[in-house]
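Geometric and topological summary
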Amino acid sequence: MKENKQALYFNMILGTIGPVLIFLAAVRYMIKENDYIGYISIYFGFLLTITYINYLEKRAGISKKLIWIRIIVSIILALSFSYFLLH
C-alpha cells in the first residue's frame, strides 16, 4: 500500500510539472509572436487543465489538503516564471 501511495504522489508531481512546462512554452511563444490576446487563452487553458487534474486526483483518493497545495504551487510557479519571461 505504501508503494502505491508513493507512485501516486510521484505521478502527482509529474502531473504538476507537465502543465507548468507547457504553460511556459506557450507564454514564451506568445512573447516571440507579440500576441498579447493569446495570453488570455493560455491562462484560461492552464486553469482548465488544473481543474481537470484536480478532478482526477479526487477520484484517485488524494486528500483535499494535498490537492490545494498542488494547485497553489502550480499557479505560483506558472505566474512567477511567466513574469520573469515577460520582463
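Report on the accompanying structure. (Residues numbered from 1 in each chain as written. Predicted model: local features only at pLDDT ≥ 70, side-chain atom pairs only at ≥ 80, totals over all residues. Heavy atoms only, no water.)

Looking now at a nonpolar patch on the surface. A cluster of nonpolar side chains, namely Ile69, Val73, Leu77, Phe81, Tyr83 and Phe84, defines an oily patch on the protein surface of about 580 Å² accessible area. Looking at the element boundaries, Phe84 is found in helix H3 (residues 64–86). (Patch = residues over 30% accessible without salt bridge, like charges linked within 9 Å, V, L, I, M, F, W, Y side chains within 5 Å. Areas by Shrake-Rupley, 256 points an atom, 1.4 Å probe, with all protein chains shown as cover. Salt bridge = Lys/Arg side-chain N within 4 Å of Asp/Glu carboxyl O. Helix = DSSP H or I, 4+ residues; strand = E, 2+ residues; numbered from the N terminus.)

Here we take up the pattern of salt bridges. Counted under the stated rule, the structure contains one salt bridge. Between Glu57 and Arg70 there is a salt bridge; the shortest N-O distance is 3.0 Å. Highlighted residues: Glu57 in helix H2 (residues 38–60) and Arg70 in helix H3, separated in sequence by 13 residues. Here Glu57 and Arg70 have matching classes, each one buried. (Buried < 20%, exposed > 50% of the residue type's maximum accessible area, 1.4 Å probe, protein only.)

Attention now moves to the nonpolar core. Of all hydrophobic cores here, the largest spans 14 residues; its most connected members are Phe23, Val27, Ile42 and Phe46. Among the elements of the structure, helix H1 (2–33), H2 and H3 are those that each provide at least two residues to this core. With six residues, H1 is the largest single contributor of residues to this core. Those residues in contact with Phe46 that lie beyond four places of it in its chain are Pro19, Val20, Phe23, Ser74, Ile75 and Ala78. (Core = buried A, V, L, I, M, F, W, Y, C linked by side-chain atoms within 4.5 Å. Contact = heavy atoms within 4.5 Å.)

In this section: the packing of H2 against H3. Two elements in contact, H2 and H3, have axes separated by 10 Å at closest approach and are oriented at 160 degrees. By the criterion of interaxial angle, the relationship of H2 to H3 is roughly antiparallel. Regarding H2 and H3, the two cross each other, and that crossing is right-handed. Every residue of H3 that contacts H2 at Tyr39, Tyr43, Phe46, Leu47, Ile50, Ile53, Asn54, Glu57 and Lys58 is listed here: Ile67, Arg70, Ile71, Ser74, Ile75, Ala78, Leu79, Ser82 and Leu86. (Axes fitted to C-alpha atoms, helices over the stretch in contact; angles between N-to-C directions. Parallel < 35°, antiparallel > 145°, perpendicular 65-115°, else oblique. Left-handed = near helix turned anticlockwise from the far one by under 90°.)

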